[in-house]
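If you want the building blocks of each chain, they are given just below.
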2 protein chains.
Amino acid sequence: MRKPTLHDVARAAGVSYATADRVLNARGGVAAKSEARVRAAIEALGYTRDVHAANLSRRRLYRFRFLLPDGDHSFFRALRAAVLAEAGARAGDRVRITLSEVPAFDAEALAEALERVEPEACDGLAIVASGSARVSAAIASLRAGGVAVVTLVSDAPGAARDAYVGIDNLVAGRTAGRLMRLGHTGRSGLVLPVVGARAAQDHAERLAGLEQSLAGAPGLALLPVAEAFDSPSRMRALVGAALAREPGISGIYSMGAGNRGLVEALRALGRPRPLVVLHELVPHAREALEAGLVDAVIDQKPVQEVAAALDILRALADGRPAPAGRARITPAIYLPENLPACPAGEEEDNDMMGGAA
Amino acid sequence: MRKPTLHDVARAAGVSYATADRVLNARGGVAAKSEARVRAAIEALGYTRDVHAANLSRRRLYRFRFLLPDGDHSFFRALRAAVLAEAGARAGDRVRITLSEVPAFDAEALAEALERVEPEACDGLAIVASGSARVSAAIASLRAGGVAVVTLVSDAPGAARDAYVGIDNLVAGRTAGRLMRLGHTGRSGLVLPVVGARAAQDHAERLAGLEQSLAGAPGLALLPVAEAFDSPSRMRALVGAALAREPGISGIYSMGAGNRGLVEALRALGRPRPLVVLHELVPHAREALEAGLVDAVIDQKPVQEVAAALDILRALADGRPAPAGRARITPAIYLPENLPACPAGEEEDNDMMGGAA
DNA sequence: CAGGAAATGATTGACGTCTGTCAAAACTGC
DNA sequence: GCAGTTTTGACAGACGTCAATCATTTCCTG
């Protein structure tokens, strides 16, 4: 009841090991009749190649590279931590991950970094994309050089990448809208939407989702969009002013970063606060949720995104099709009650002596 | 820039390969001084054992067995499907999974099945536990025989299993309570709690969570608990009657199965329906959510649970400690907007850490 | 310093696959 | 039946680790 080996297949097919191997690895030079026999034997025995042995023999090393935005935004910090954690966890898996930081929101810098990547020394690449013609060209050139390219968190509009791993921001926006509607059951309200930048594509999509959802709720009106540029201080000023100007605000949906300022403004508010929905379960958001200053956080699960990106890169590097459905991350909704046990950016203890991965 | 091998470690430590191997695999008979040198070299080189080569050499085969409730409850069907899917996905990973069904909610039958398991032919076991002394004894005996035992979805109260993989049902209940409160912002209400069976521990915990959460909401009152015994027809009758008797019902939290009946009762209702929260994103629940007959579904992510159970079983079989945090699943909240793309059964990943394959 | 125990080194054959080489065998066309 | 091509078989050396043997060297004890 042992797992069948290629030797078993060869014997069952009545051919030599070499021939079975030629079929399995498509080396060519095999008569159609023999090939059919081998394939039948593979089928009959339920043979699967032992990937461990194969990779061992091939001395395959997967060299992946992540180009992530620098800066101290909690979300990107969490993303980088997730990459490092996965790098540790997969060290035993013939996967070598290099993490470099590029200036955030800077398409030119990203393009430069992409152009510096040597296709011979890299099997796969994951980037948080900013769209630009030069970026698209760099991606195309890398792909032509045999490098798998995956966009993470934010997609490059025109670029022909292998896959986009991240949430559907339209869905995220609609989800926020649904939470708003839920919190306004039986009453009308006024919702303040706050983006990081109107120009950011993901924020625009979230906003569109929100609008779509609220279009189905007659009692809910939307205020003009506020732009906080992901800065806590601007956010604080902006939200403070809006709350003072419009006492009827019953909901705030913040689509970007800088929510520390939003929480401060809420804390300073003398009356019952509006319903608040944020993005990304970073430490501050978590605290605000636990403190009851925020109602819900929509999270794109960076750890899961990194894992999915790596699985896809690995599949592509092996010449397999990317695992279906792995790329599309469904945004998680966190309420104060269902927070995951450990703060974002969990540490994984990678044992060096331990056995299997 | 090659990955260091144990040979490299031995050379760096100034000992022979055999000695390095003795340290690595704790074979004993190594002087403390040499051991320290080897460990230092491991540290310095960042050596990690090549798990593929190791398992290849060991010709290790992980034989895991799942004992899951039979019957046609959608949830268990999804759970079984998840096991089969993982079995396929890990076939190349030296993991052989056997799935057997045992009569649902029958501690005696489970105990019998457990007693039939031969410890020599099984490295790990995952069961949906029903608590009983005989079950506990069988688990203890298996563990004594070197079999790792994990409870899945439902824990065995008194039993000394290696781990419980599943959600915290108290948390799930509190989460439902939060959704109820969110949907009752600015108004009072009357909530009908429905369990499968009052005796079921997980349902009792969910109910306790709900009560805890609603205790903090002055305007929300709880009706006496209804018991539907996981049967659609009973559920339909019971909820229909309650809705007729108590026109003021503004929320329903169903903690068990049989929700098809609940949805039918709602569909038959002539007036605006109450806020409805269910458990488990099975096909019916999904449809009801999409049709707007249900507001939220709390899901325990069976696919993720199975993956976590396997990771833990594997770690235990290797003699490693079970990966921390992997066992506790955070319940997911699904609204009509953030449903995963694929019907239940597809790959969905975990929150905490990436599993290397 | 002998005798014995402990520690170490050297070596070997798996494990299942990959990749290459070389020669033998089976075909093809004429 | 011959030369030329295609197909096949046999074999060997990796890959990194495991597990075992056997011969040495070093250390401790009396």
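For the structure itself, consult the block above.
Residues numbered from 1 in each chain as written. Chains lettered and ligands numbered in written order. Predicted model: local features only at pLDDT ≥ 70, side-chain atom pairs only at ≥ 80, totals over all residues. Heavy atoms only, no water.

The next thing to look at is the overall build of chain A. When helices and strands are counted, chain A shows 13 helices and 13 strands. Its C-alpha atoms put chain A at 85 × 45 × 45 Å along the principal axes. The 357 residues of chain A split such that 54% are buried. Looking at chain A alone, contacts between residues at least 24 apart form 68% of all its contacts between residues at least 6 apart. Element-wise, carbon and sulfur atoms account for 52% of the exposed surface of chain A, whose accessible area totals about 14900 Å². Each charge class in chain A can be summarised by its mean position, and for the 42 positive and 41 negative side chains these summaries are 5 Å apart. (Helix = DSSP H or I, 4+ residues; strand = E, 2+ residues; numbered from the N terminus. Buried < 20%, exposed > 50% of the residue type's maximum accessible area, 1.4 Å probe, protein only. Contact = heavy atoms within 4.5 Å. Areas by Shrake-Rupley, 256 points an atom, 1.4 Å probe, with all protein chains shown as cover. Lys, Arg positive; Asp, Glu negative; His and termini not counted. Charge placed at Lys NZ, Arg CZ, Asp CG, Glu CD.)

In this section: the sheet that holds strand β3 (residues 124-127) of chain A. Here six strands make up an open sheet; going across it, the order is β2-β1-β3-β4-β5-β12 (chain A) and the pairing parallel. Each having just a single partner strand, β2 (95-102) and β12 (328-329) of chain A make up the two edges of the open sheet. (Pairing = 2+ DSSP bridges.)

All names here are of chain B. Under the counting rule described, the total for this entry stands at 28 salt bridges over all chains. Close ionic contact of Arg39 with Glu35 constitutes a salt bridge, the shortest N to O distance being 3.1 Å. Pair noted here: Arg39 and Glu35 are both in helix α3 (residues 32-45), with a separation of four residues, about one helical turn. With a relative accessible area of 29%, Glu35 lands in the partly exposed category. Ionic pairing is found between Arg206 and Glu280, a salt bridge with its closest N-O pair at 3.8 Å. In this pair, Arg206 sits in helix α9 (residues 201-215) while Glu280 sits in the loop between β10 (275-279) and α12 (283-290), placing the two residues 74 residues apart along the sequence. For the pair formed by Arg206 and Glu280, the shared burial category is buried. (Salt bridge = Lys/Arg side-chain N within 4 Å of Asp/Glu carboxyl O.)

With respect to spatial proximity, 27 residues lie near DNA strand D, and among them Ser16(A), Ala31(A), Ser34(A), Tyr47(B) and Ser57(B) are the closest. A share of 66% of the atoms of DNA strand D within 4 Å of the protein falls on sugar and phosphate groups. Note that a phosphate oxygen of DNA strand D is positioned 2.7 Å from one of the backbone N or O atoms of Ser16(A). Within the side chain of Asn25(B), a nitrogen or oxygen atom sits 3.0 Å from a phosphate oxygen of DNA strand D. Listed by contribution, the elements that provide at least two residues to the surface near DNA strand D are α2 (17-24) and α4 (51-58) of chain A together with α2 (17-24) and α4 (51-58) of chain B. Element by element, the count of residues in the surface near DNA strand D is highest for α4(B), at four residues. (Near = heavy atom within 4 Å. Polar contact = N/O pair within 3.5 Å; in protein donor to acceptor, adjacent residues only side chain to side chain.)

What follows deals with the protein's contact with DNA strand C. In the region of DNA strand C, 27 residues are neighbours, and Tyr47(A), Ser57(A), Ser16(B), Ala31(B) and Ser34(B) sit closest. Counting only atoms of DNA strand C within 4 Å of the protein, the sugar-phosphate share comes to 66%. Arg49(A) places a polar side-chain atom, nitrogen or oxygen, 2.7 Å from a phosphate oxygen of DNA strand C. Taking Ala31(B), its main chain carries an N or O atom lying 2.6 Å from a phosphate oxygen of DNA strand C. Those elements that place two or more of their residues in the surface near DNA strand C are α2 and α4 of chain A together with α2 and α4 of chain B. At four residues, the largest contribution of residues to the surface near DNA strand C is made by α4(A). Tallied by class, residues from the surface near DNA strand C come to eleven nonpolar, nine polar and seven charged. (Nonpolar A, V, L, I, M, F, W, Y, C, P; charged D, E, K, R; others polar.)

A word on the pairing of strand β6 (residues 189-195) of chain B. Consecutive residues of a regular strand have side chains that alternate between opposite faces of the sheet. Residue and element names in this part refer to chain B. With respect to burial, β6 is a largely interior element, seven of its seven residues being buried. On β6, burial covers both faces: Gly189, Val191, Pro193 and Val195 on one face and Leu190, Leu192 and Val194 on the other are all buried. Following the backbone out of β6, through α9 and into the adjacent parallel strand β7 (residues 220-222), one traces a crossover that is right-handed. One ladder, built from four bridges, connects β6 with strand β9 (residues 251-254); its direction is parallel. Note on β9: the bridge partner recorded for Pro193 is Tyr253. Here β6 runs beside strand β8 (residues 226-227); their pairing, made up of two bridges, is parallel. Bridge pairing links Val194 to Ala226 in β8. (Right-handed = clockwise from strand over helix to strand, strands pointing away.)

Before going further, it helps to spend a moment on the sheet that holds strand β5 (residues 163-167) of chain B. Neighbouring strands of a sheet are bound in pairs by backbone hydrogen bonds; such pairs are parallel or else antiparallel. Residue and element names in this part refer to chain B. One open sheet accounts for six strands, arranged β2-β1-β3-β4-β5-β12; its pairing is parallel. What marks the edges here is a single partner per strand, and that holds for β2 (95-102) and β12 (328-329). With eight bridges connecting them, strand β1 (residues 62-69) and β2 associate as parallel partners. Bridging across to β2, Tyr62 finds its partner in Val95.

Here we take up helix α7 (residues 133-144) of chain A. Residues and elements named next belong to chain A. Look at α7: 16 Å from first C-alpha to last across twelve residues, which is about the 16 Å you get at 1.5 Å a residue. Listing the buried residues of α7 in full gives Val135, Ser136, Ala138, Ile139 and Leu142. End-on view of α7: buried residues confined to an arc of 160°, all on one side of the axis. Of the exposed residues in α7, the ones pointing more than 90 degrees away from its buried face are Ala133 and Ala144. Contacts made by the buried residues of α7 are with α6 (107-116), β3 and β4 (148-152). Once α7 ends, the next one or two residues include Gly146, with phi positive near 90°. (Expected span 1.5 Å × (residues − 1). Arc of directions from axis to C-beta.)

All names here are of chain A. Locating Arg27 in the fold gives a position in the loop between α2 and α3 (32-45). In this structure Arg27 touches Asp21 and Arg22, once residues within four positions along its chain are discounted. Engagement of the side chain of Arg27 in a polar contact is seen with the side chain of Asp21, the distance being 2.8 Å.

The subject of this paragraph is unusual backbone geometry. Of note in this structure, Val153(A) is not a glycine but carries a positive phi near 70°. Along the chain, the position of Val153(A) falls in the loop between β4 and β5 (163-167).

Take the nonpolar core next. Among the nonpolar cores identified, the biggest contains 160 residues, and Ile252(A) and Ile252(B) are the most heavily contacted of them. Other than its neighbours up to four places away in sequence, Ile252(A) contacts Met180(A), Leu192(A), Val194(A), Val239(A), Leu243(A), Leu262(A), Leu266(A), Pro274(A), Leu275(A), Val276(A) and Val277(A). (Core = buried A, V, L, I, M, F, W, Y, C linked by side-chain atoms within 4.5 Å.)

Tracing the chain through its elements places His279(B) in strand β10. Excluding its chain neighbours within four sequence positions, the residues that come into contact with His279(B) are Ala172(B), Arg206(B), Tyr253(B), Ser254(B), Met255(B), Asn259(B), Val297(B) and Ile298(B).

Right, let's talk about the packing of helix α1 (residues 6-13) of chain B against α3(B) for a bit. All names here are of chain B. Following both chains from N to C, one finds α1 and α3 inclined at 120°, their axes separated by 8 Å at the closest point. When the axes of α1 and α3 are compared, the pair comes out oblique. Between α1 and α3 the crossing geometry is right-handed. Here α1 contributes Asp8, Val9, Ala12 and Ala13 to the contact with α3, which in turn contributes Arg37, Val38, Ala41, Ile42 and Leu45. (Axes fitted to C-alpha atoms, helices over the stretch in contact; angles between N-to-C directions. Parallel < 35°, antiparallel > 145°, perpendicular 65-115°, else oblique. Left-handed = near helix turned anticlockwise from the far one by under 90°.)

Once that is clear, we can look at the packing of aromatic side chains. Residues and elements named next belong to chain A. Under the definition given, this model contains five aromatic pairs over all chains. Seen in terms of ring centroids, Phe75 and Phe76 are 5.6 Å apart; in terms of plane orientation they differ by 55°. Their pairing is tilted. Just as Phe75 is buried, Phe76 falls in that class too. In textbook terms, an aromatic cluster arises when at least three aromatic residues are bridged by ring pairs, as seen for Phe75, Phe76 and Phe105. (Phe/Tyr/Trp six-rings, centres within 6.5 Å; stacked < 30°, edge-to-face > 60°.)

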